Amino acid sequence: MRWLAWVASSLVVVAMLSGAPARADDGYDLWLRQGDTPAPDIAAVRAGRVSAPVATPTQRAARDELIRGLVGASGPDAPSAVPDAGDGALLVGTPASSPDIAALGLDLDGLGDEGYLIRSVTVAGRPVTVIAAAHDVGTLYGTFAFLRLLRTGQPLDALNLREAPRLQRRVLNHWDDLDRHVERGYAGQSIWDWHRLPGWVDPRYTDYARANASIGINGTVLNNVNANAQILTPMYLDKVRVLADTFRPWGIRVYLSARFSAPMEIGGLPTADPLDAAVQAWWRGKADEIYARIPDFGGFLVKANSEGQPGPQDYGRSHADGANMLADALAPHDGIVMWRAFVYSDEEPVDRAKQAYNEFVPHDGQFRDNVLVQVKNGAIDFQPREPFHPLFGAMPGTPLMMEFQITKEYLGFATHLAFKGPLYEEVLRADTQVRGEGSTVARVLDGSLYDDESGGRRLTGIAGVANIGTDRNWSGSHFDQANWYAYGRLAWNPDLSSRDIAEEWTRMTFGNDAGLVTPVVDMMMVSREAVVDYTGALGLHHLMGRGHHYGPGPWVDGGPRADWTSVYFHRATAEGIGFDRTRGGSDAVSQYAPPVADLFDDVERTPEAFLLWFHHVSWDRPTASGRTVWDELVHRYDRGVATVRGMRATWEGLAERVDPARHAQVAAFLAIQEQEAQWWRDASIAYFQSISQRPLAAGVEPPPQPLSYYRSLAFPYAPGDTQ
Ligand code: GCV
C-alpha cells in the first residue's frame with residue numbers, strides 16, 4: 001500500500017510538472033527520456049494496480065521500465081518492487097511467468113520468441129490492459145511498445161495490438177577498433193572501454209542495451225569488420241563475456257567480427273586455408289572456447305577478400321568455402337555467420353558496381369543454412385542515394401541480410417542533419433521484380449518471397465553500421481539519434497513509414513507539442529534529399545574527399561586505385577557526364593531482373609534520380625524540368641543549400657519549444673551544415689564547370705573562389721578515417 005500512495009503522490013508531481021517549460025537536456029536519455037511526458041492517465045495507474053513478474057532479469061527489466069514510464073521515476077527513489085496485484089489493472093507476463101496471464105487463455109501462437117500482444121480486456125468487471133507474450137523478451141518488447149504509445153500521446157483505452165518482428169537478426173555493426181578508434185565514427189570514441197573491462201562495467205553498457213531493446217535490436221557486433229584477431233584471444237573473450245552478460249536481460253546477443261587469418265596471427269598455424277584440417281580444427285576449438293563463456297553467442301561477421309582483408313581467395317578458395325568452414329565450427333552451438341558481400345578488387349577491370357554480384361551469384365545455394373550473406377543497400381558504398389543492390393533477388397538459394405549505414409560517412413558526418421529513414425524506406429520498398437511485381441527488397445530480406453520453397457524456415461536479418469560513441473548524446477548530434485531509432489524500428493517492421501517513425505521519434509525525443517512536432521518532422525523528411533542535392537544529384541555518386549570522405553572532392557583522381565577516385569564514377573568530359581552502365585556500357589543493368597534492367601537501360605525511362613548512375617549523357621540533354629542536365633545539376637546544388645537554409649529558419653522558430661541546450665547545439669550544427677552545403681555546391685560547380693565549359697544560367701551565383709582554392713583545402717585530422 002505504501003507503493004500505491006507513492007505512485008499517487010508522484011503522479012501529482014508529474015502532472016504539475018507537465019505544464020512547465022522544457023527542461024535542459026543533454027540527449028543522454030535518447031528517445032527514452034521522461035522529459036515532459038504528461039502524467040499518464042490510464043486505468044492501471046488510476047487504480048494503482050500493476051502486476052508484472054520479477055523472477056528473471058528480463059522480467060525485472062520490463063518491470064523497471066514500466067515503473068519509469070508510468071510514474072516518471074528512476075534512480076534511488078523508485079520503488080524496489082511492484083506488489084503482487086493479482087487481478088492487476090495492468091497485467092504483464094507470459095503464461096509461464098504469470099498465472100493471471102495463463103488464466104486469460106490468450107492466443108499467443110505465431111508470436112514466436114519475441115512477439116507480444118497488447119490488449120484492453122475486462123476482468124471481473126474491471127478494465128485491464130494486458131501485455132502478454134510467449135517469452136519474457138516478448139513482454140519486454142511489449143512493455144516498450146506500450147510506453148511508446150503512452151509517450152506519443154496515443155489513446156490507451158481500446159488497445160488490440162499483435163506484433164512480431166519480421167526479421168530474426170536485427171543487429172548493430174560497430175566499426176570499433178580495440179584502441180577505441182571508431183572507423184567512420186563521428187560521436188567520440190568507442191563506448192567499449194576494453195582496457196578497463198572486465199573489471200569495470202560501465203553503467204552505460206546497460207543504458208545502451210536498454211535503448212536498443214526499446215527499438216527491437218537484438219544483436220550487436222562489437223568490433224570493426226576490418227578486424228583485429230586479438231578480439232578472439234582469451235583475454236578479450238573474458239571482456240566480451242561481461243558485455244554479453246550485461247546485454248542478455250535485454251534480449252541482445254553479442255557477435256564478433258572474425259579476422260580470417262586469425263589461425264595464423266593468434267593460433268600459430270602456417271595457413272588460414274579453409275580446407276585445411278588444422279585450420280578447421282582451430283576454428284572449432286575457438287568456437288568451443290567462446291561458447292564456454294557465452295552460451296548464447298550470436299556468431300561471426302566476416303569481411304574477407306575486400307579492401308585488403310584476408311580471405312579464402314588467398315588460398316584459391318571461394319567465399320562459400322570460407323563462410324562454410326566458419327559455419328561448421330559454429331553450427332553445434334547454433335551460431336551463425338554473417339558473410340559480407342562488400343567485395344571488389346582494383347585488379348579487376350570490371351565496373352566496381354558489378355563485382356559483388358559476379359562473385360556471389362555463382363555460389364548461390366552453396367552456403368550452409370547458418371550463413372547469411374550481408375549485402376550493402378547499394379552496389380557502391382552507402383552513398384546518399386543508390387539504386388538497390390542487384391544481389392537482392394538474385395540469390396534465391398541463399399538468405400541475404402541487409403547492411404545499412406546508420407553513421408553518416410557520406411552524408412555530412414554528425415554535423416549535418418540528414419534523417420536516413422527515407423533512404424532506408426526507399427531501398428526496402430524497391431521492387432526487384434524477380435518474382436513479378438511486389439518482389440520488394442523487404443520481402444527478399446524477410447524470406448516471404450521464398451516461402452514456397454523454405455516453408456518460412458529461412459534465416460533472416462538486417463544490420464546497421466552504428467553511429468554510437470562516447471559523446472554524451474551517443475550519436476554525435478541529437479538528430480543522428482533518429483537514424484539509430486529509425487533503423488531499429490524498420491528492422492522490426494520493414495514496412496513502417498519513415499514519416500511515421502520520424503513523428504514517433506520526435507514526440508518521444510522533444511515532446512508532443514503540436515507546434516513542434518509538425519515542423520520538426522517536415523524538416524527531417526526533406527533533409528536527406530537536401531544532402532543528395534548539395535553533394536551531387538541525378539545519380540552522381542562517390543564525389544567526396546579522399547580517404548576521410550569529408551567534404552567535396554569531385555576532382556579526386558590518381559592514387560592507388562581507380563575505383564577509389566571520383567573521376568572513375570562521374571566520368572565527366574567536355575561533352576557529357578555519368579557512368580554508362582547500360583547494355584552498351586558496363587552492362588551493370590543486366591544484373592537486375594529483366595523488367596528492371598529494361599527500365600534502367602532506357603535513358604528515357606530511367607528515374608531521373610538515377611540518370612547519371614546508369615547513363616552517360618550530354619550536358620545539354622533536357623531533363624524533366626526542361627532545364628539541361630548542366631543547368632539542372634546546378635539548380636539542384638542551389639536547391640540543396642536553400643533547403644538547409646529553410647531548415648535553419650524552421651529550427652530558429654522553435655527556440656521557445658525546445659530546451660536551450662539541445663536547441664543551441666542543433667542550431668550551431670545547422671549553421672555548420674549550411675556553410676558546408678554551400679562549400680559542396682561552390683566546389684562542385686567550380687569543378688564541373690571547368691569540365692563542361694557551360695555558362696551558369698541567369699541569376700545563378702558563380703562560386704566565390706576559383707577551383708584551385710577548393711582543391712587546395714586539406715583536412716588531415718578529419719574524424720573517422722581508416723587507421
Ligand atoms: C570498414 C567503406 C568505408 C570503410 C569500410 C568499408 C566496409 O569503404 O570507407 O571504412 O571499412 O566501406 O564497409 O568494409
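Residues numbered from 1 in each chain as written. Predicted model: local features only at pLDDT ≥ 70, side-chain atom pairs only at ≥ 80, totals over all residues. Heavy atoms only, no water.

## Here's the deal with the pattern of salt bridges
Tallied over the entire structure, the rule returns 51 salt bridges. In this structure, the salt-bridge partner of Glu-425 is Arg-429, at a minimum N-O distance of 3.5 Å. Of this pair, Glu-425 and Arg-429 are both found in helix 12 (residues 421-429), 4 residues apart, which corresponds to roughly one turn of the helix. Between Arg-681 and Asp-682 there is a salt bridge, with the nearest N and O atoms lying 2.8 Å from each other. The same class applies to Arg-681 as to Asp-682, namely buried. Salt bridges sharing common partners tie together Asp-25, Arg-33, Asp-659 and Arg-662. (Salt bridge = Lys/Arg side-chain N within 4 Å of Asp/Glu carboxyl O. Helix = DSSP H or I, 4+ residues; strand = E, 2+ residues; numbered from the N terminus. Buried < 20%, exposed > 50% of the residue type's maximum accessible area, 1.4 Å probe, protein only.)

## Details of the nonpolar core
Counting 136 residues, the largest nonpolar core has Trp-283, Trp-484 and Trp-651 as the members making the most contacts within it. In this structure, Trp-484 is in contact with Leu-30, Trp-31, Leu-172, Ala-211, Asn-212, Ile-215, Ile-217, Ile-406, Asn-467, Ile-468, Trp-474 and Ser-475, ignoring residues within four places of it in sequence. Grouped together as the second largest cluster of nonpolar side chains are 53 residues, Val-221, Leu-538, Trp-619 and Tyr-687 included. (Core = buried A, V, L, I, M, F, W, Y, C linked by side-chain atoms within 4.5 Å. Contact = heavy atoms within 4.5 Å.)

## A few points about the packing of helix 17 (residues 514-535) against helix 21 (residues 629-652)
The contact between helix 17 and helix 21 brings their axes to 8 Å, and the two run at 155 degrees. By the criterion of interaxial angle, the relationship of helix 17 to helix 21 is roughly antiparallel. Helix 17 and helix 21 meet at a crossing whose hand is left-handed. Facing helix 17, whose interface residues are Pro-519, Val-520, Met-523, Val-526, Ser-527, Ala-530, Asp-533, Tyr-534 and Thr-535, helix 21 presents Arg-636, Tyr-637, Arg-639, Gly-640, Val-641, Thr-643, Val-644, Met-647, Thr-650 and Trp-651. Partitioning the contact of helix 17 with helix 21 into residue classes produces 11 nonpolar, 5 polar and 3 charged. (Axes fitted to C-alpha atoms, helices over the stretch in contact; angles between N-to-C directions. Parallel < 35°, antiparallel > 145°, perpendicular 65-115°, else oblique. Left-handed = near helix turned anticlockwise from the far one by under 90°. Nonpolar A, V, L, I, M, F, W, Y, C, P; charged D, E, K, R; others polar.)

## Quick word on the sheet that holds strand 12 (residues 400-405)
Around the barrel, 8 strands lie side by side as 6-7-8-9-10-11-12-13; this closed barrel has parallel pairing. Mean inter-strand twist for the sheet, computed between neighbouring axes without regard to direction, equals 25 degrees. Relative to strand 6 (residues 169-173), helix 15 (residues 481-492) is tilted by about 155 degrees, and along the sheet it contacts strand 6, strand 12 and strand 13 (461-465). (Pairing = 2+ DSSP bridges.)

## Quick word on the site of the ligand
Lining the immediate surroundings of the ligand are 16 residues, of which Glu-183, Lys-303, Arg-340, Lys-376 and Glu-409 lie closest. Between an oxygen atom of the ligand and a side-chain N or O atom of Glu-183, the distance comes to 2.4 Å. Between the ligand and Asn-226 there is a distance of 3.2 Å, counted from an oxygen atom to a side-chain nitrogen or oxygen. Protein coverage of the free-state accessible area of the ligand, which is 340 Å², stands at 97%. Classifying every residue of the shell around the ligand gives 4 nonpolar, 4 polar and 8 charged. (Near = heavy atom within 4 Å. Polar contact = N/O pair within 3.5 Å; in protein donor to acceptor, adjacent residues only side chain to side chain. Areas by Shrake-Rupley, 256 points an atom, 1.4 Å probe, with all protein chains shown as cover.)

## Some points on the sheet that holds strand 3 (residues 116-123)
With mixed pairing, the 5 strands of this open sheet are ordered in space as 1-2-4-3-5. The open sheet has two edge strands, strand 1 (50-51) and strand 5 (160-163), and neither has a second partner. The pairing of strand 3 with strand 5 spans 4 bridges and is antiparallel. By the bridge assignment, Leu-117 is partnered in strand 5 with Arg-162. The sheet strands contacting helix 5 (residues 136-151) are strand 2 (90-93), strand 3, strand 4 (126-132) and strand 5, and the helix crosses strand 3 at an angle near 70 degrees.

## Thoughts on helix 9 (residues 277-293)
When the terminal C-alpha atoms of helix 9 are compared, their 25 Å separation across 17 residues agrees well with the 24 Å that a helix rising 1.5 Å per residue should span. Taken together, the buried positions of helix 9 are Val-279, Trp-282, Trp-283, Lys-286, Ala-287, Ile-290, Tyr-291 and Arg-293. Taken around the axis of helix 9, the buried residues stretch over an arc of 165 degrees, which confines them to a single face. For helix 9, exposure combined with an orientation more than 90 degrees from the buried face picks out Ala-277 and Ala-292. (Expected span 1.5 Å × (residues − 1). Arc of directions from axis to C-beta.)

## Digging into unusual backbone geometry
For the peptide bond that leads from Leu-197 to Pro-198, omega is 0 degrees, which places it in the cis range. If you trace the backbone, Pro-198 turns up in the loop between strand 6 and helix 6 (204-214). A positive phi angle, near 55 degrees, is found at Leu-30, a position not held by glycine. By the element assignment, Leu-30 lies in the loop between helix 1 (2-17) and helix 2 (43-47). For Leu-30, a relative accessible area of 4% corresponds to the buried category.

## As for the pairing of strand 10 (residues 336-340)
Most of strand 10 is tucked away: 5 of the 5 residues are buried. Burial along strand 10 is two-sided: the face carrying Ile-336, Met-338 and Arg-340 and the face carrying Val-337 and Trp-339 are both buried. Judged from the 4 bridges that link them, strand 9 (residues 299-302) and strand 10 form a sheet pairing that is parallel. Along strand 10, the bridge assignment pairs Leu-301 with Met-338. Crossover connection from strand 9 via helix 10 (residues 319-330) to parallel strand 10: handedness right-handed. Of the crossover connections in this fold, the one passing from strand 10 over helix 11 (residues 352-360) to the parallel strand 11 (residues 371-376) is right-handed. (Right-handed = clockwise from strand over helix to strand, strands pointing away.)

## Some details on the domain arrangement of the protein
Split by domain assignment, the protein resolves into domain 1 (2-163), domain 2 (169-509) and domain 3 (532-579 + 616-712). Inter-centroid distance (C-alpha atoms) of domain 2 to domain 3 is 31 Å. Around 2,200 Å² of area is buried between domain 2 and domain 3 when both sides are counted, 57% of it from carbon and sulfur atoms. For the domain 2 face of the interface with domain 3, the top three residues by lost area are Thr-415, His-416 and His-478, together amounting to 24%. The tally of links from domain 2 across to domain 3 stands at 0 salt bridges. One can count 12 residue pairs in polar contact (both at pLDDT 80 or more) joining domain 2 with domain 3. (Domains from an automatic or database assignment. Buried area = accessible area lost by both parts, 1.4 Å probe.)

## Comments concerning the side chain of Glu-504
With respect to the secondary-structure elements, Glu-504 resides in helix 16 (residues 498-510). At a separation of 2.4 Å, a polar atom in the side chain of Glu-504 contacts the side chain of Tyr-485. When near neighbours in sequence (up to four residues on either side) are disregarded, Glu-504 contacts Arg-148, Thr-152, Tyr-485 and Arg-489.

## Describing the packing of aromatic side chains
Within this structure, the stated rule accounts for 42 aromatic pairs. Measuring from centroid to centroid gives 5.4 Å for Phe-342 and Tyr-344, while their planes differ by 70 degrees, and the two rings are edge-to-face. Assessed through its relative accessible area of 4%, Tyr-344 is described here as buried. Centre to centre, the rings of Phe-600 and Phe-610 are 6.2 Å apart; their planes meet at 80 degrees, and the pair counts as edge-to-face. Pair noted here: Phe-600 is in helix 19 (residues 594-601) and Phe-610 is in the loop between helix 19 and helix 20 (611-614), with a separation of 10 residues, a long-range link. When its relative accessible area of 5% is taken as the criterion, Phe-600 is described as buried. Among the aromatic residues, ring-to-ring pairing joins Tyr-28, Trp-31, Trp-474, Trp-484 and Tyr-485 into one connected group. Over the ring of Tyr-236 we find Lys-239, and its NZ or CZ is 5.5 Å from the ring centre. (Phe/Tyr/Trp six-rings, centres within 6.5 Å; stacked < 30°, edge-to-face > 60°. Lys NZ or Arg CZ within 6 Å of the ring centre and 35° of its normal.)

## A few points about the side chain of His-478
Along the chain, His-478 falls in the loop between strand 13 and helix 15. When near neighbours in sequence (up to four residues on either side) are disregarded, His-478 contacts Asp-26, Gly-27, Asn-473, Trp-505, Arg-662, Gln-665 and Val-666.

## Some points on the environment of Ser-708
Residue placement: Ser-708 occurs in helix 23 (residues 707-712). For Ser-708 and Ala-686, which are 22 residues apart along the polypeptide, the C-alpha to C-alpha distance reads 9.1 Å.

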